[in-house]
Number of protein chains: 4
Amino acid sequence: MNGKLSFGCDYSKGAHPLIMERMVKTNLMETPGYGSDEITVSARNRVRMACNCEAAVVEFLIGGTQTNAVMTDALLNNCQGVISAETGHISVHEAGAIEAGGHKVLSLPHSLGKLSPGTVEAYLKDYYNDANHEHMVIPGMIYLSHPTEYGTLYSVDELRSFREICDNYGISLYVDGARLAYALACPENDVTLPDLAALCDAFYIGGTKCGALFGEAVVVPDPERIPHLFTLIKQHGALLAKGRLLGIQFDELFRDDLYLRIGEPAIKAADRIRKALTEKGYRLHFGSPTNQIFCILENRLLKAIEEKVEYGFWEKYDDNHTVIRLATDWGTTEEDTTALINALPDIL
Amino acid sequence: MNGKLSFGCDYSKGAHPLIMERMVKTNLMETPGYGSDEITVSARNRVRMACNCEAAVVEFLIGGTQTNAVMTDALLNNCQGVISAETGHISVHEAGAIEAGGHKVLSLPHSLGKLSPGTVEAYLKDYYNDANHEHMVIPGMIYLSHPTEYGTLYSVDELRSFREICDNYGISLYVDGARLAYALACPENDVTLPDLAALCDAFYIGGTKCGALFGEAVVVPDPERIPHLFTLIKQHGALLAKGRLLGIQFDELFRDDLYLRIGEPAIKAADRIRKALTEKGYRLHFGSPTNQIFCILENRLLKAIEEKVEYGFWEKYDDNHTVIRLATDWGTTEEDTTALINALPDIL
Amino acid sequence: MNGKLSFGCDYSKGAHPLIMERMVKTNLMETPGYGSDEITVSARNRVRMACNCEAAVVEFLIGGTQTNAVMTDALLNNCQGVISAETGHISVHEAGAIEAGGHKVLSLPHSLGKLSPGTVEAYLKDYYNDANHEHMVIPGMIYLSHPTEYGTLYSVDELRSFREICDNYGISLYVDGARLAYALACPENDVTLPDLAALCDAFYIGGTKCGALFGEAVVVPDPERIPHLFTLIKQHGALLAKGRLLGIQFDELFRDDLYLRIGEPAIKAADRIRKALTEKGYRLHFGSPTNQIFCILENRLLKAIEEKVEYGFWEKYDDNHTVIRLATDWGTTEEDTTALINALPDIL
Amino acid sequence: MNGKLSFGCDYSKGAHPLIMERMVKTNLMETPGYGSDEITVSARNRVRMACNCEAAVVEFLIGGTQTNAVMTDALLNNCQGVISAETGHISVHEAGAIEAGGHKVLSLPHSLGKLSPGTVEAYLKDYYNDANHEHMVIPGMIYLSHPTEYGTLYSVDELRSFREICDNYGISLYVDGARLAYALACPENDVTLPDLAALCDAFYIGGTKCGALFGEAVVVPDPERIPHLFTLIKQHGALLAKGRLLGIQFDELFRDDLYLRIGEPAIKAADRIRKALTEKGYRLHFGSPTNQIFCILENRLLKAIEEKVEYGFWEKYDDNHTVIRLATDWGTTEEDTTALINALPDIL
């Protein structure tokens, strides 16, 4: 909009063209509200099939914070809290939405945005060993995001370890998939939708950052797990009157498995950028494999780049350096990527 | 969708064509998130101008229940409740969203969906006269909807009386305008947007039922009234990542005052239907002037009509009669209206 | 304290002398906190035996509003509300404590403070018949008080009907026994502690108004019914550090079944007062059988009585008459009762 | 009770004998409820005088967690959180009571249980510098305890620094004085009640651990600061029906400044124990000056001591050592202290 190259976030564009087409084509159709229409029914079925989980409850919500708040409320009882990496979205960037619902976020140390099963298990063990644990918030679920805030990935083996811990301690496993398409399109990733359905009490498939105008698909594999989910969604103000708008988007995203491929341009672009940065002498802050690139820059370079590129400030590295975040998305073009690379001065 | 004439509700279609056009045209544009983009800035300004209130805070939310929950939380302190007609949307049809935020809905008797200033004032007087009132929920605001759930209208004089009561008791006035366009397009209505801005602590201009895909525009005339509104919206999971989608819709709805006229087809159609019903020998349940028609039907007629028409069940009238609700909207065509009228058997 | 006869409420005195004795005797004893001491263990067992329910969870809380808030939170999930008479304590006089916990009080019409099983069943039937019920607060439990706010009593048959309704609809039955001792001491009452344990999901045995300094004994007959009750109590700020203070009180109240008899003086006094009022020409507002007397007085008499007697204002009857409430308690003496009767002018 | 020396906590006994005497003496007196009686009025005045703050609002609550939850709710708006040391009572040991009220505890690193003004200021600066801070919980108050959970003390200079930070950032300062008597009786302490009244938005004077059966006195120096505090207390289930029971206790605790001296025996005993431990060759974990003693023990010694002494487990030190906590209180006798010292084997 301002003529700069847009790599500041992965929600700056609208939706995948197929979604816009369907939206326009169906615009004056008249359907019943609140997700009871036929398009939404079809979208639910496509999501179930992609997850290889016919029985799953699938509900479409509007945004990530909302979804996390609703599902935390749905999976926890009143005196339970949720275990999260201290860098987790629910821990830092949701303005206290989880606490507004009455639940404490039990923040644990992370490694590149990831929780380790060992850390979580030690926390749970300590909790139950503490003679005063009944005076403390009961850990009731584990919150993971895949990819994490740092763009890193869990392996399916790690998820299995978390599942085992959950089973041992009688707690729930929930995965925030706000950027899930970028995991699924990533060669390093070995976690599939059916894996998530097999291992989680609930998870969501992100639309907002992955090709939709807005929308997240919640999947609850066991249909008995959460009674009254519909009413809870309504109570949270999260029920869209014209529910079909969500149905349309996920019906398109899951037509012919589009969602499994939609992140590919983002991953390719990110890989090119990471390679170019290294070749030009930049230092990556850490090596995340998905659509986010974290790079350490000398502060004197920031200004030059700022004129041509929208990027995200990540954190101060030291007095002379800053970590910036570049994000690609489903719609990032090769031209934009080339332009970005050209805009980065060679510093060798 | 099922071939029936669709008069069951006013949110069965998509959006006004101008909105869809703009949505498509801007789809691949890249803008910053969360309502900080230029389109949203423009939409805010158009709303302010239409309300004749340059200083107002204008925020765009997604749906009505969400907006009511956020604004109740914003306008009340912890031990205050909200006065509403017992038929108010917040009292009955929001799944306890207000209570989930910790606030009691103080339900008072209604007349055709309306609260009367006298009823409210008597309630407040009784409350403060009660020796135990400090053990009771403190009334902190009055919730009205315009039009009401029954499609009826407040006069500007009535709103002035409510304002006076609010000033006397130090409480807030809030108006839910989910169907506001249908009031504004109605000859019987004398309440303007500048009136609402002059009289309310906050109100919202409904988009979902009035030409938008979704979206409600909250107006807070006094910019000092609610600190931290943005963060509160985020906390409620009500902040749209791609905020411009709301900006686009209200920028179109308030371009050339479209919103002031957009309800006209609905009112014309509803008037035709009310007239036709009477001529054909049907009894109206009560005479609301906006886009909802409440008609008493013999049960034996229901089935015949059901085959051709989507309508809403309102309530049982007696053992042999039912009250049904027909709703028109901004997109109701003359053809559909004629077809509906023809589908209603003459019962004289 | 002011020399007046004290009939204004049933919580104006301290505790039964046996409680004070035990409190003094054990004062410098050192015991572990939070109800894990031996006295509390003994008190729990005595309550269980009195309820003929060996397996019951028994917890001691401090006051009635607190207990109702904790137990509503314990028995309901997030999107459920509690059915109560519109005159119920939770509905009117708890400053929104139930709503602060996120639950709507679903107020239904009462008859002399009582809910009828028919009213409740009709409400539940209507709820589930409503096509939009999933947009409404889910009724999750029935709140009764025994005696009610009006001093009236349920029969065990009525309680059985409520239980049946609860079983049919899968909801919980909870009884607030703030004044339970005055029911148990009342000849008209046929509800026993074992009946309550057999019929309720949870109930509480009131101490504050029935001989204790403070304290209410929660009984949950099925020990599996509420996991984490201890932590929930702590979370509500309802866990007394020196838990034995509650243990001592209930250990005394349930030693030799004192609690079953402790209300007798109150009932005898109330009966004498009701008889005397009638004989002197006063009109009772209604005929409650327990420790509260509701009497219609000409306003000109109020002032004269006010000089000698503490009484409670109940409500305006008409322009010339007022309904007052007189309350007796476990410590009301025959002398005070005689003095009160003598203080009431003969109006025949 | 079990014959062991009781140094496990500071709430194992009943109340100071003067309190018990008054309780017994006034037991059958009849007074109005909810703290409107004359004894409570007198107690409020004594607290105000001790704080040198005639205008202060003084309310008596029952316990610490309850008080912290009520006051956090009272001092914060909906989207604000409370800054606390990560070891703060509200952060760890209140079962999520603060979060149940909708507020996040913003935990910061501590040093021996204390927050440093520098840490807090840096946090606030970072918060406001963060471009996304409106997506994060707004820091709305600072929670300190004096003494801290580690028995350490703030200086009045440190409190002044916190006050300055609060003024700069427009946030509130709140001090939890659960063990305040042990600070006031401590030679190292330079913080007086008038200092607290001059520097805090609110604080509480602990009764439960400092000579009362139960009870905490909340002081709000500016009477305009918290409207509706009474109703908020009621809503939290924290209003005692027989309010005079709290009045009696604080009327005694503040008669002739008893509260200022009541902690002395505890401090003397703790000093003796610390000295004896050092002389016998034990290592103190850190040198807190109040009524708590933290000592590192070889595990093999634990068992021997356990047979004679109730102590508190604090934390594992290493594989062979454990940190234990010994607590003295207002009623600790010289005999008990001598017996404890004798029970500790010499390990030099």
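Reading guide: rules and limits
Residues numbered from 1 in each chain as written. Chains lettered and ligands numbered in written order. Predicted model: local features only at pLDDT ≥ 70, side-chain atom pairs only at ≥ 80, totals over all residues. Helix = DSSP H or I, 4+ residues; strand = E, 2+ residues; numbered from the N terminus. Rg over C-alpha atoms; globule rule 2.2 N^0.38 Å. Buried ≥ 20, exposed ≤ 12 C-beta atoms within 10 Å, placed from the backbone. Contact = placed C-beta atoms within 7 Å. Least-squares fit on C-alpha atoms with pLDDT ≥ 70 in both. Pairing = 2+ DSSP bridges. Axes fitted to C-alpha atoms, helices over the stretch in contact; angles between N-to-C directions. Expected span 1.5 Å × (residues − 1). Nonpolar A, V, L, I, M, F, W, Y, C, P; charged D, E, K, R; others polar. pLDDT = per-residue confidence, 0-100. Domains from an automatic or database assignment. Arc of directions from axis to C-beta. Parallel < 35°, antiparallel > 145°, perpendicular 65-115°, else oblique. Core = buried A, V, L, I, M, F, W, Y, C linked by C-beta atoms within 7 Å.

Quick look at the overall build of chain A now. Counting its secondary structure elements, chain A contains 15 helices and 13 strands. Taking 348 residues into account, the globule formula puts the C-alpha radius of gyration at 20 Å, and chain A, at 21 Å, falls close to it. Oriented by its inertia axes, the alpha-carbon framework of chain A measures out at about 60 × 60 × 35 Å. When each of the 348 residues of chain A is scored for burial, the buried share is 59%. If you take every contact in chain A between residues at least 6 apart in sequence, the share linking residues at least 24 apart comes to 75%.

This part covers the relation of the copies chain B and chain C. Laying chain B over chain C is done by rotating through 180° and shifting 0.0 Å along the axis; what remains is an RMSD of 0.0 Å. Overall, the copies show the geometry of a two-fold rotation axis. Most of the interface of chain B is mirrored in chain C, where 100% of its interface residues again form contacts.

As a further point, take the relation of the copies chain A and chain B. Expressed as a screw operation, the relation of chain A to chain B combines 0.0 Å of axial shift with a rotation of 180°, fitting to an RMSD of 0.0 Å. When the interface residues of chain A are mapped onto chain B, 100% of them again lie at the interface, so the same face is used by both copies.

Contacts between chain A and chain B engage 42 residues on the former and 42 residues on the latter. Of all the secondary structure elements, the ones that give two or more residues to the side of chain A that touches chain B are α1 (17–25), α3 (64–75), α5 (97–100) and α10 (229–235) of chain A.

The subject of this paragraph is the sheet that holds strand β12 (residues 312–318) of chain B. Residues and elements named next belong to chain B. One open sheet accounts for four strands, arranged β9-β10-β13-β12; its pairing is antiparallel. The outermost strands of the open sheet, each flanked by one partner alone, are β9 (283–286) and β12. Along the sheet, successive strands turn relative to each other by an average axial angle of 35°, direction set aside. Bridge count between β12 and strand β13 (residues 321–327): five bridges; the pairing is antiparallel. Within the sheet, the bridge partner assigned to Phe 313 lies in β13 and is Ile 324. Helix α13 (residues 264–279) contacts β9, β10 (292–298) and β13 of the sheet and is inclined by roughly 20° relative to β10. Lying on the sheet, helix α14 (residues 299–306) is in contact with β10 and β13; it crosses β10 at an angle near 120°.

Take α3 of chain A next. Residue and element names in this part refer to chain A. The end-to-end C-alpha distance of α3, which contains twelve residues, comes to 16 Å, matching closely the 16 Å that a straight helix rising 1.5 Å per residue would cover. With twelve of twelve residues buried, α3 lies mostly within the body of the structure. Within α3 the residues assigned to the buried category are Gly 64, Thr 65, Gln 66, Thr 67, Asn 68, Ala 69, Val 70, Met 71, Thr 72, Asp 73, Ala 74 and Leu 75.

Once that is clear, we can look at the interface of chain B and chain C. Listed per partner, the contact involves 17 residues of chain B and 17 residues of chain C. Of the residues that constitute the side of chain B that touches chain C, the class distribution is eight nonpolar, seven polar and two charged.

The subject of this paragraph is the sheet that holds strand β7 (residues 202–206) of chain A. Pairing between the strands of a sheet is mediated by backbone hydrogen bonds and can be parallel or antiparallel. Residue and element names in this part refer to chain A. Taken in spatial order, the seven strands of this open sheet run β2-β8-β7-β6-β5-β3-β4, and their pairing is mixed. Edge positions in the sheet fall to β2 (57–61) and β4 (105–108), since each of these pairs with one other strand and no more. Across this sheet, the average inter-strand angle for adjacent strands is 25°, counted without regard to direction. Of the pairings in the sheet, the one linking strand β5 (residues 138–145) to strand β6 (residues 172–177) comprises five bridges and is parallel in character. Bridge pairing in β6 links Tyr 143 to Tyr 174. Here helix α7 (residues 156–169) sits on the sheet in contact with β5 and β6, set at roughly 145° to β6.

Before going further, it helps to examine the confidence of the model for chain A. The predicted coordinates of low-pLDDT regions are not to be read in fine detail. Per-residue confidence for chain A averages 96 on the pLDDT scale, and 99% of its residues sit at or above 70. This prediction of the complex comes with two scores: 0.97 for pTM and 0.97 for ipTM.

Let us now look at the domain arrangement of chain A. Residue and element names in this part refer to chain A. Examined at the domain level, chain A breaks down into domain 1 (5–11 + 263–343) and domain 2 (17–261). Centre-to-centre, using C-alpha coordinates, domain 1 lies 28 Å away from domain 2. Taken together, the contacts link 14 residues of domain 1 with 19 residues of domain 2. Per-element accounting of the side of domain 1 that touches domain 2 gives the leading share, three residues, to helix α13 (residues 264–279). Classifying every residue of the side of domain 1 that touches domain 2 by side-chain character gives six nonpolar, five polar and three charged.

Residues and elements named next belong to chain B. With 13 residues, helix α2 (residues 38–50) should reach 18 Å at 1.5 Å per residue; the first-to-last C-alpha distance of 18 Å fits that figure. Along α2, the residues classified as buried are Ile 39, Thr 40, Ala 43, Arg 44, Arg 46, Val 47 and Ala 50. Across the axial projection of α2, the buried residues extend over an arc of 165°, all falling on one side.

Moving on: unusual backbone geometry. With an omega of -5°, the peptide bond between His 146 of chain A and Pro 147 of chain A qualifies as cis. Here Pro 147 of chain A lies in the loop between β5 and α7. Even without glycine at this site, His 228 of chain A takes up a positive phi of about 65°. Structurally, His 228 of chain A is set in the loop between β8 (216–220) and α10. For Asn 52 of chain C, which is not glycine, the phi torsion reads 55° and is therefore positive. As for its position among the elements, Asn 52 of chain C is in the loop between α2 (38–50) and β2 (57–61).

Here we come to the packing of helix α6 (residues 117–129) of chain B against helix α7 (residues 156–169) of chain B. All names here are of chain B. Axis separation between α6 and α7 bottoms out at 10 Å; the angle between their running directions is 10°. Comparing their axes, α7 and α6 come out roughly parallel. Facing α6, whose interface residues are Pro 117, Val 120, Glu 121 and Leu 124, α7 presents Glu 158, Ser 161, Phe 162, Ile 165 and Tyr 169. The class makeup of the residues in the contact of α6 with α7 is six nonpolar, one polar and two charged.

Next up on the list: the nonpolar core. Counting residues in hydrophobic clusters, the biggest one holds 456 residues, and the most contacted among them are Val 219 of chain A, Val 219 of chain B, Val 219 of chain C together with Val 219 of chain D. If we skip the residues at most four places from it in the chain, Val 219 of chain D touches Val 47, Cys 51, Ala 56, Val 58, Ala 197, Ala 202, Phe 203, Tyr 204 and Ile 205 of chain D.

Quick look at the pairing of strand β8 (residues 216–220) of chain D now. All names here are of chain D. Of all five residues in β8, five are buried; the element is thus mostly enclosed. On β8, burial covers both faces: Glu 216, Val 218 and Val 220 on one face and Ala 217 and Val 219 on the other are all buried. As judged from the five bridges shared by strand β2 (residues 57–61) and β8, these two strands associate in the antiparallel manner. Bridged to Phe 60 within β8 is Ala 217.

Residues and elements named next belong to chain A. Tracing the backbone through its elements, the reader meets Pro 117 in helix α6 (residues 117–129). Overall, the presence of 19 C-beta atoms within 10 Å leaves Pro 117 in the partly exposed class. Along the backbone, Pro 117 and Glu 30 are 87 residues apart, and their C-alpha atoms lie at a distance of 49 Å. Leaving out residues up to four positions away in the same chain, Pro 117 has contacts with Glu 158, Ser 161, Phe 162 and Ile 165.

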